[in-house]
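# Breakdown of the fold
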Amino acid sequence: MYFAVSRQTAPSEGYSDLYLDTINRSVLDFDFEKLCSVSLSNINVYACLVCGKYYQGRGPKSHAYFHALEIGHHVYVNMQTKKVFVLPEGYEVTSKSLEDIKFVVDPQLPKDEVMQLDQVARDAWDLSGKKYRPGFVGMNNIKANDYFNAIIQALAHVPPLRNFFMLEDFSSRTTSSSELATRFSVLVRKIWNTRAFKTHVSPHELLQQVSRQSNKKFDLLHQSDPVEFLSWFLNNMHLALGGSKTKAGTSIIHRVFQGKLKVESQRITAKADAGDRLRFEEAAEVIVDTMRYLMLTLDLPAAPLFQDELDRNIIPQVPLTSILSKYDGVRAQEHLSMRKRYRLLHPLPPYLLFHIKRFSKNKFVSERNPTIVTFPIRSLDMAPYVEPNPAMHPPGEPIWYDLVANVTHEAVRTRDDSVEGEAERKVWRVQIRDRARDEWLQVQDLFVERVAAETLFTKESYLMVWERRREGKRKEKGSN
Ligand SMILES: [Zn+2]
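Residues numbered from 1 in each chain as written. Predicted model: local features only at pLDDT ≥ 70, side-chain atom pairs only at ≥ 80, totals over all residues. Heavy atoms only, no water.

### Brief notes about the pattern of salt bridges
One pass over the structure, following the stated rule, counts 29 salt bridges. Where R183 meets E33, a salt bridge forms, and the shortest distance between an N and an O atom there is 3.0 Å. Pair noted here: R183 is in helix α6 (residues 178-191) and E33 is in the segment before β1 (45-48), with a separation of 150 residues, a long-range link. Pair check on accessibility: R183 and E33 agree, each one buried. Between E205 and K34 there is a salt bridge; the shortest N-O distance is 2.9 Å. Of this pair, E205 sits in helix α7 (residues 204-213) while K34 is found in the segment before β1, placing the two residues 171 residues apart along the sequence. Both residues of the pair, E205 and K34, belong to the buried class. Overlapping salt bridges bring together D123, K131, R133, D434, R437, E439 and R450 as one network. (Salt bridge = Lys/Arg side-chain N within 4 Å of Asp/Glu carboxyl O. Helix = DSSP H or I, 4+ residues; strand = E, 2+ residues; numbered from the N terminus. Buried < 20%, exposed > 50% of the residue type's maximum accessible area, 1.4 Å probe, protein only.)

### Re the side chain of R468
For R468, the position within the fold is in strand β27 (residues 460-468). Within polar-contact distance, the side chain of R468 engages the backbone oxygen of L348 at 3.4 Å. (Polar contact = N/O pair within 3.5 Å; in protein donor to acceptor, adjacent residues only side chain to side chain.)

### Examining α6
The end-to-end C-alpha distance of α6, which contains 14 residues, comes to 20 Å, matching closely the 20 Å that a straight helix rising 1.5 Å per residue would cover. Across the 14 residues that make up α6, a large majority, 13, are buried. (Expected span 1.5 Å × (residues − 1).)

### Here's the deal with the sheet that holds strand β10 (residues 259-267)
With antiparallel pairing, 4 strands are arranged side by side in an open sheet as β13-β10-β17-β16. The sheet terminates laterally at β13 (286-293) and β16 (333-335), the two strands that pair on one side only. Here the average twist between neighbouring strands, direction ignored, is 35°. Pairing of β10 with strand β17 (residues 338-345), which is carried by 8 bridges, proceeds in the antiparallel orientation. Bridge assignment links L261 to a residue of β17, and that residue is L344. (Pairing = 2+ DSSP bridges. Axes fitted to C-alpha atoms, helices over the stretch in contact; angles between N-to-C directions.)

### So, the packing of aromatic side chains
One pass over the structure, following the stated rule, counts 21 aromatic pairs. A centroid spacing of 6.2 Å and a plane angle of 80° characterise the contact between Y65 and F66, whose relative ring orientation is edge-to-face. Considering the side-chain rings of F148 and F229, the 5.1 Å spacing of their centres and the 40° angle between planes classify their relative orientation as tilted. Residue F148 is located in helix α4 (residues 146-155), and its partner F229 is located in helix α8 (residues 226-240); the two are separated by 81 residues in the primary sequence. Three or more aromatic residues link up through ring pairs in this structure, and these residues are Y147, F148, F164, F165, F170, F184, F218, F229, W232 and F233. The ring of F85 is capped by R58, whose NZ or CZ atom sits 3.8 Å from the centre of that ring. Against the face of Y342 rests K326, its NZ or CZ located 5.6 Å from the ring centre. (Phe/Tyr/Trp six-rings, centres within 6.5 Å; stacked < 30°, edge-to-face > 60°. Lys NZ or Arg CZ within 6 Å of the ring centre and 35° of its normal.)

### Things to note about the side chain of E467
Locating E467 in the fold gives a position in strand β27. E467 gets classed as buried once you look at its relative accessible area, which sits at 9%. A polar side-chain atom of E467 sits 2.8 Å from a polar atom in the side chain of R435. When near neighbours in sequence (up to four residues on either side) are disregarded, E467 contacts P159, P350, Y351, W400, Y401, D402, V404 and R435. (Contact = heavy atoms within 4.5 Å.)

### Looking at the sheet that holds β1
The antiparallel open sheet is built from 5 strands, whose spatial order is β2-β1-β3-β4-β5. The sheet terminates laterally at β2 (54-56) and β5 (91-93), the two strands that pair on one side only. Sheet twist, expressed as the average angle between the axes of neighbouring strands with direction ignored, equals 40°. Both strand β4 (residues 84-86) and β5 contribute to a ladder of 3 bridges, which runs antiparallel. Bridging across to β5, V86 finds its partner in Y91.

### Considerations on empty space enclosed by the protein
The final tally for this structure, using the stated rule, is 5 cavities of 30 Å³ or more. Approximately 130 Å³ is the volume attributed to the largest cavity. Considering the residues around the largest cavity, the lining is formed by 14 residues, among which A196, F197, K198, H200 and V201 are closest to the centre. Considered class by class, the residues forming the lining of the largest cavity number 7 nonpolar, 3 polar and 4 charged. The calculated volume of the second largest cavity comes to roughly 100 Å³. If you go around the second largest cavity, the residues you meet are L117, D118, V120, A121, R122, P134, F136, W192, D434, R435, A436 and R437. Taken together, the residues of the lining of the second largest cavity sort by class into 7 nonpolar, no polar and 5 charged. (1 Å grid on protein atoms, 1.4 Å probe; cavity = no way out; pocket = protein on both sides within 12 Å on 5 of 7 lines; lining within 4 Å. Points joined across faces, edges and corners; volume = space filled by probe spheres on them. Nonpolar A, V, L, I, M, F, W, Y, C, P; charged D, E, K, R; others polar.)

The following block contains the structure:
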């Protein structure tokens with residue numbers, strides 16, 4: 001049925017750019033998992049540059065070869081080597097005009113450009129001439145992965161983490177667990193791509209790896225909790241990077257987020273007197289432990305159901321500093337039959353993750369606490385929550401942190417006539433700071449919009465990323 005094809009090592013003279021005008025850049029983004037569309041294998045995969053589909057191999061009898069014969073699409077790029085071939089003839093094309101395509105497969109910015117990302121405000125234009133800001137692009141919600149998108153966007157805006165994943169060469173790391181790091185790295189590079197064909201990215205490739213590695217605990221079909229996902233992701237990323245399970249500071253994840261805290265625990269014991277009329281507490285021994293953390297959980301006070309004169313529910317508010325007092329070493333919390341006091345220890349990590357615990361489950365229902373947490377976006381002083389240690393930090397001196405990212409929750413009613421709490425859908429967004437322009441943007445999947453800095457706290461914050469201001473760095477201008 002097929003006519004005989006003579007394999008060539010080079011194009012016939014004068015035909016070097018033959019077929020290149022059949023390439024259709026608008027169908028190319030290379031975001032989807034690189035599996036042959038026929039065999040579903042991930043080995044030796046080529047993308048057809050005419051239709052964007054993936055096919056395995058390029059030799060005679062390969063799926064790419066048959067695609068070329070059957071459909072008449074002739075130009076293919078190898079997803080690993082980024083070499084471009086013409087099929088069925090089989091020769092490599094080295095035209096400079098293909099450089100933009102190779103760049104989109106795995107965008108790699110030079111180091112000096114990466115180091116300038118937060119200093120120089122850059123605009124870029126996609127294939128259709130639409131303007132976008134590299135670093136602030138939408139992310140596809142394939143089905144129910146908004147929880148995932150919000151976390152990935154937040155992490156992609158933590159500068160030392162971003163710079164590491166944009167500059168590190170993962171090509172030599174080929175264990176199955178390092179695949180998670182490799183795919184995250186490609187996604188971060190795509191988010192910050194200055195020469196993208198489209199103004200959004202799809203997280204499909206990383207999501208597929210997360211889904212496999214978490215045994216489908218986190219996937220694109222079911223909405224999960226962003227903080228549960230973040231916790232899983234940080235731990236697995238630490239291991240993917242070769243981090244130690246016991247030693248501190250053995251991966252970029254731990255160097256960026258890990259801190260230590262002191263926990264004092266005291267058993268609460270009640271003793272009855274002879275007549276069983278009176279119970280009193282006995283002072284039990286205080287046990288002091290030191291623990292490492294990647295994320296700090298902040299508890300909200302129980303939300304009272306206030307109503308105004310029109311019977312509308314009033315949403316309670318609490319300042320961030322008030323819920324942080326859990327870590328002041330003075331206030332005690334009771335857990336089961338233990339009384340515990342927490343205090344952070346020096347040195348605090350360069351980035352602090354706060355999980356504002358809004359959801360609680362009891363036997364019957366999952367409950368949401370709608371309390372709004374108010375906060376300044378700059379100059380949060382963490383010193384009151386840290387055990388003084390004059391050898392590491394002058395007593396009384398503040399420790400400034402500034403907000404970098406804020407993942408928010410919104411309960412959206414799925415029916416107009418439903419009462420609050422009933423038939424609600426969770427919507428996850430992230431607010432991130434454009435440092436080069438000193439502006440805030442809110443990203444909900446594909447939608448990116450500017451938001452006023454002073455309105456950030458009006459949403460239900462769920463996860464916050466705070467950045468320690470470096471010593472000697474002048475206090476940043478502006479009070480918001
Ligand atoms: Zn094709």
